[in-house]
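# Coordinate analysis (summary)
Spelled out, the chains give:
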Amino acid sequence: MPPFERSVFINCPFDEDFAPILQAMAFCVVFLGFWPRLAPENADNASGRLDRIVELIGSSKYAIHDLSRCRAKSEGDLARMNMPFELGLDYGCRKFGDDSQSSKSILIFEHERYEYQKVLSDISGWDIRAHGSDFEKAMAHVRDWLVGHAGAERLGRALVSGKYVAFQEWYWEMQLAAGSSEEDIREYPTGEMITAMHEWMAAGQPT
């Protein structure tokens, strides 16, 4: 179990289209010395999903909440409210939790600047970042936030981006050598890739 002070809860979509953004954010978290915490990692069937999420929120000093995909996809659809709801849980944990939880820090993403001020005015004064579905922008914002709010080492954006490319090349070569097809690798869960990120770091960032 990673320590509270190094844990980063990530609240975002877990579908195939969003995976490049999630994986880039997770890599930045790992590369800067922290632990991404995702709801699927704690998938104990004996406990409810909401209970698992509350446990992760309570045990993470930092959190990334991505609200970029909460709108309805087409006319007649309903917007997904899970991610704003989890943001509310995290804010409540910070306001009403114990002394350690009052120090929690939150990063919020939206798709376009000022989008959420129109529909969630309670957070209009917060510093919300937009990534426009660009994984490199998302990774850069996560880097800046961890440096500014979590005391992460001040490694440059270009360095982090270059290391992500190096990791991806290593990861794909390792998986292909293990007998995986390219389709297999694309379908593997993000949690498995995050495990590989920690292994890559522990191995000295091989290329």
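Parameters and conventions
Residues numbered from 1 in each chain as written. Predicted model: local features only at pLDDT ≥ 70, side-chain atom pairs only at ≥ 80, totals over all residues. Heavy atoms only, no water. Helix = DSSP H or I, 4+ residues; strand = E, 2+ residues; numbered from the N terminus. Rg over C-alpha atoms; globule rule 2.2 N^0.38 Å. Buried < 20%, exposed > 50% of the residue type's maximum accessible area, 1.4 Å probe, protein only. Contact = heavy atoms within 4.5 Å. Areas by Shrake-Rupley, 256 points an atom, 1.4 Å probe, with all protein chains shown as cover. Pairing = 2+ DSSP bridges. Axes fitted to C-alpha atoms, helices over the stretch in contact; angles between N-to-C directions. Phe/Tyr/Trp six-rings, centres within 6.5 Å; stacked < 30°, edge-to-face > 60°. Right-handed = clockwise from strand over helix to strand, strands pointing away. Parallel < 35°, antiparallel > 145°, perpendicular 65-115°, else oblique. Left-handed = near helix turned anticlockwise from the far one by under 90°. Nonpolar A, V, L, I, M, F, W, Y, C, P; charged D, E, K, R; others polar. Lys, Arg positive; Asp, Glu negative; His and termini not counted. Salt bridge = Lys/Arg side-chain N within 4 Å of Asp/Glu carboxyl O. Polar contact = N/O pair within 3.5 Å; in protein donor to acceptor, adjacent residues only side chain to side chain.

### Some words on the overall build of the protein
- Along its length, the protein carries seven helices and five strands.
- Of the regular secondary structure in the protein, the N- to C-terminal order runs β-α-β-α-β-α-β-β-α-α-α-α.
- Taken over the C-alpha trace, the protein has a radius of gyration of 17 Å; the compact-globule value for 207 residues is 17 Å, and the two agree within 12%.
- C-alpha extents for the protein along the principal axes are approximately 50 × 45 × 40 Å.
- A burial count over the protein gives 44% of its 207 residues as buried.
- When contacts within the protein are restricted to residue pairs at least 6 apart in sequence, those whose partners lie at least 24 apart make up 66%.
- For the protein, the accessible surface area stands at approximately 11,100 Å², while carbon and sulfur atoms represent 49% of it.

### Points about the sheet that holds strand β1 (residues 7–11)
- Strand order in the open sheet formed by five strands is β2-β1-β3-β4-β5, and the pairing between neighbours is parallel. The sheet is open, and its two borders are formed by β2 (35–37) and β5 (128–130), each paired with just one other strand. Direction aside, neighbouring strands of the sheet carry axes that sit 25° apart on average.
- One ladder, built from three bridges, connects β1 with β2; its direction is parallel. By the bridge assignment for β2, F9 is matched with R37.

### Looking at the packing of aromatic side chains
- Tallied over the entire structure, the rule returns 11 aromatic pairs.
- Between F167 and Y171, the ring centres sit 5.7 Å apart and the planes meet at 25°, which makes this aromatic pair stacked. Separated by four residues within a single helix, F167 and Y171 lie in helix α5 (residues 157–177), roughly one turn from each other. Taken as a pair, F167 and Y171 share a single burial class, namely buried.

### Examining the pairing of β1
- By the criterion of burial, β1 is predominantly enclosed, with five of the five residues buried.
- Along β1, one buried face is formed by S7, F9 and N11 and the opposite face, lined by V8 and I10, is buried too.
- With helix α1 (residues 19–31) bridging β1 and its parallel neighbour β2, the resulting β-α-β unit is right-handed.
- Where β1 lies against strand β3 (residues 62–66), four bridges are found, and the strand directions are parallel. Following the sheet pairing, I10 is matched in β3 by I64.

### Details of the packing of helix α2 (residues 49–58) against helix α3 (residues 82–96)
- Where α2 meets α3, the axes come as close as 10 Å, and the angle between the chain directions of the two elements is 45°. Considering the angle they form, α2 stands oblique to α3. You can see that α2 and α3 cross each other, and the crossing is right-handed. Residues R49, L50, I53, V54, I57 and G58 of α2 touch α3, and the partners they reach there are F85, E86, L89, D90 and C93.
- Grouping the amino acids of the contact of α2 with α3 by side-chain chemistry returns seven nonpolar, one polar and three charged.

### Concerning the side chain of E86
- The residue E86 is located in helix α3 in this model.
- No salt bridge is formed by the buried E86; the nearest opposite charge belongs to R49, separated by 4.4 Å.
- Those residues in contact with E86, other than ones at most four positions away along the chain, are F9, N11, R49, I53, I57 and H65.

### Brief notes about the environment of S68
- Take S68: it is sitting in the loop between β3 and α3.
- Separated by 65 residues in sequence, S68 and S133 place their C-alpha atoms 8.1 Å apart.
- Not counting the four nearest positions on each side in its chain, S68 is found in contact with F18, F109, E110, H111 and H131.
- Within the structure, the side chain of S68 is placed 2.4 Å from the side chain of D66, a separation counted as a polar contact.

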